Amino acid sequence: MAEITFDDFMKVDIRVGTVIQAEPFPEARKPAIKLWVDYGDEIGVKKSSAQIAVHYDPETLVGKKVMGVVNFPPRQIGPFMSEALVLGFYDADGAIVLAVPDKDTPNGARLC
């Protein structure tokens, strides 16, 4: 993988937010959940389609802190417009586990 500069890294706006709504996304090609994440006053609420259905149910996600890239352009995913990329890691079986802060962090806090 190519090296990047610190300036390149700073172009990616990664923020903490709280899931305020989550719904199944049966129209997605791969099992996914539609999320509405509150990234604080500066960013607001952004929608995201996340392929996290292996480890998470929509009803358990509301109130959960997540990390997401908030400065990608919106992307149409089937009938849903995704406005942010919620971050995660592949587990040993290739399913996605959410990247989350391990301490309480205010919505909108930026990764540094």
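For the structure, check the block above.
Rules and cut-offs
- Residues numbered from 1 in each chain as written.
- Predicted model: local features only at pLDDT ≥ 70, side-chain atom pairs only at ≥ 80, totals over all residues.
- Heavy atoms only, no water.
- 1 Å grid on protein atoms, 1.4 Å probe; cavity = no way out; pocket = protein on both sides within 12 Å on 5 of 7 lines; lining within 4 Å.
- Points joined across faces, edges and corners; volume = space filled by probe spheres on them.
- Helix = DSSP H or I, 4+ residues; strand = E, 2+ residues; numbered from the N terminus.
- Nonpolar A, V, L, I, M, F, W, Y, C, P; charged D, E, K, R; others polar.
- Pairing = 2+ DSSP bridges.
- Core = buried A, V, L, I, M, F, W, Y, C linked by side-chain atoms within 4.5 Å.
- Buried < 20%, exposed > 50% of the residue type's maximum accessible area, 1.4 Å probe, protein only.
- Contact = heavy atoms within 4.5 Å.
- Phe/Tyr/Trp six-rings, centres within 6.5 Å; stacked < 30°, edge-to-face > 60°.

### Some details on the layout of surface pockets
Reported here for the largest pocket is a volume of approximately 700 Å³. The wall of the largest pocket is formed by 26 residues, among which Ser49, Gln51, Arg75, Ile77 and Leu85 lie closest to the centre. Among the secondary structure elements, those contributing two or more residues to the lining of the largest pocket are strand E3 (45-50), strand E5 (75-77), strand E7 (85-86), strand E8 (88-90) and strand E9 (96-98). Its residues placed into classes, the lining of the largest pocket shows 15 nonpolar, 6 polar and 5 charged. Roughly 150 Å³ of volume is contained in the second largest pocket. In terms of lining residues, the second largest pocket is bounded by Lys30, Pro31, Gln51, Ala53, Val54, Tyr90, Gly94, Ala95 and Ile96.

### Some details on the pairing of strand E1 (residues 14-24)
Strand direction decides the pairing type here: E1 and strand E4 (residues 65-69), joined by 5 bridges, are antiparallel. Residue pairing in the sheet places Arg15 in a bridge with Gly68 of E4. Of the strand pairs in this sheet, E1 and strand E2 (residues 33-38) are connected by 6 bridges, and their pairing is antiparallel. Paired with Thr18 across the strands is Asp38, a residue of E2.

### Quick look at the nonpolar core
The biggest cluster of nonpolar side chains holds 16 residues, and the ones touching the most others in it are Leu35, Ile52 and Leu61. Elements with a minimum of two residues in this core: E1, E2 and E9. Of all the elements, E2 adds the most residues to this core, at 3 residues. Contact partners of Ile52, with chain neighbours within four places excluded, come to Pro31, Ile33, Leu35, Leu61, Ile96 and Leu98.

### Topic: the packing of aromatic side chains
Any two aromatic rings considered together are summarised by their centre-to-centre distance and by the angle between their planes. Applying the stated criterion across every chain yields a total of 3 aromatic pairs. Both rings, one in Phe6 and one in Phe9, keep their centres 6.1 Å apart while their planes meet at 40°; by these two values the pair is tilted. Residue Phe6 and its partner Phe9 are both found in helix H1 (residues 6-10); the two are separated by 3 residues, about one turn of the helix.

### Examining the sheet that holds E2
With respect to topology, 5 strands assemble into an open sheet ordered E3-E2-E1-E4-E7, the strand pairing being antiparallel. The strands lining the two open edges of the sheet, one partner per strand, are E3 and E7.

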